[in-house]
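A closer look at the structure
Here is what each chain is made of, one letter per residue.
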Amino acid sequence: MENIAILTGDVVNSRAIAPQQWMPLLKETLFYFGNEPKEWEVYRGDSFQLQTRPALALTAALTLKATLKELKGLDVRIAIGIGDKSYDAQKITEANGTAFVYSGQCFQHLKKLNLAIATQNKTFDQTMNLMFKLASLTMDNWQPATARVVKTALLQPEASQVELATLLGKSQSTISEALLRAGYDEINQLLNYYKQYITNL
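Now for a look at the structure at hand. (Residues numbered from 1 in each chain as written. Predicted model: local features only at pLDDT ≥ 70, side-chain atom pairs only at ≥ 80, totals over all residues. Heavy atoms only, no water.)

Description of the sheet that holds strand β1 (residues 4–12)
Strand pairing in a sheet is mediated by backbone hydrogen bonds. Such pairs are either parallel or antiparallel. Filter applied, for reference: Pairing between strands is defined by DSSP: at least two bridges between them are needed. Each helix is a run of H or I in the DSSP string that is no shorter than four residues. Each strand is a run of E no shorter than two, and both are numbered from the N terminus. As a rule, the C-alpha atoms of each element are fitted with a line to give its axis, helices using only the stretch in contact, and angles between N-to-C directions run from 0 to 180 degrees. Only heavy atoms matter for contacts: two residues are in contact if any of them lie within 4.5 Å across the pair.
Across the sheet, five strands lie side by side as β2-β3-β1-β4-β5; this open sheet has mixed pairing. The open sheet has two edge strands, β2 (40–43) and β5 (115–118), and neither has a second partner. Taking the axes of each pair of neighbouring strands and ignoring which way they run, one obtains an average angle of 15° across the sheet. In this structure, β1 lies alongside strand β3 (residues 47–52), joined through six bridges in antiparallel fashion. Looking at the pairing, I6 lines up with Q51 of β3. Seen against the sheet, helix α1 (residues 19–33) touches β1, β2 and β3 and runs at an angle of roughly 160° to β2. Along the sheet, helix α2 (residues 57–68) makes contact with β1, β3, β4 (75–83) and β5, crossing β4 at roughly 170°.

As structure tokens, this is what we get:
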């Protein structure tokens with residue numbers, strides 16, 4: 001049975017800003033990674049679940065984080081579970097399997113953390129979760145303008161800084177400074193490390 005990734009998340013401080021402001025942004029990003037309701041759903045107002053390929057899971061999580069941090073005061077908590085899908089359903093929230101169990105249990109243990117992963121490989125989990133903690137020291141402080149640049153860069157991984165500048169109507173130097181502030185090079189290294197090891201799980 002092929003492994004899948006399940007992201008379970010909720011919007012942090014969702015009541016501070018009207019849902020009309022953040023819900024369309026959240027749904028737009030979820031649509032980029034899958035179809036509703038088979039692969040993603042928003043439920044209980046500000047919670048969501050997304051199914052994607054294991055190799056894409058961290059990219060999806062960081063893109064969702066950047067999306068919500070475009071609005072000042074908002075953030076997101078996400079638990080990634082990697083495992084199987086033993087029961088399929090028309091709605092993602094009604095499906096089941098170890099990926100769902102890992103994701104749900106991981107989400108319950110998030111508490112002060114905003115990002116964590118659970119798989120059958122506890123050594124891999126420990127390594128990745130430590131890296132997530134360190135990355136969060138920077139990512140949790142992204143300002144809205146920086147978050148927007150990061151989101152665009154994550155969704156357009158082949159784009160140059162000049163192309164990103166054109167897309168966002170900014171100067172290339174502004175894009176360069178934003179990516180530097182965001183720790184984007186280090187985030188790319190984290191993504192590459194994750195992709196390299198997740199395929200071997």
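Comments concerning the layout of surface pockets
In plain terms, the rule: Cavities and pockets are found on a 1 Å grid laid over the protein atoms alone: a cavity is a set of points where a 1.4 Å probe fits but cannot escape, a pocket is an open set with protein on both sides within 12 Å along at least five of seven lines, and a lining residue has an atom within 4 Å of such a point. Grid points are joined across faces, edges and corners, and a volume is the space filled by probe spheres set on the points. For this classification, the nonpolar set comprises Ala, Val, Leu, Ile, Met, Phe, Trp, Tyr, Cys and Pro, the charged set comprises Asp, Glu, Lys and Arg, and every other residue, Gly included, is treated as polar.
By volume, the largest pocket is sized at about 400 Å³. If you trace the largest pocket, you find 26 residues lining it, with A153, L154, P157, Y184 and N188 closest to the centre. Counting residues per element, the ones that place at least two in the lining of the largest pocket are α1, α5 (144–155), α6 (161–168), α7 (172–182) and α8 (184–198). Counting residues per element, the lining of the largest pocket draws most heavily on α8, which supplies seven residues. A per-class count over the lining of the largest pocket returns 14 nonpolar, eight polar and four charged. Approximately 150 Å³ is the volume attributed to the second largest pocket. Lining the second largest pocket we find T8, Y43, Q49, I92, T93, A95, F100, G104, F107 and Q108.

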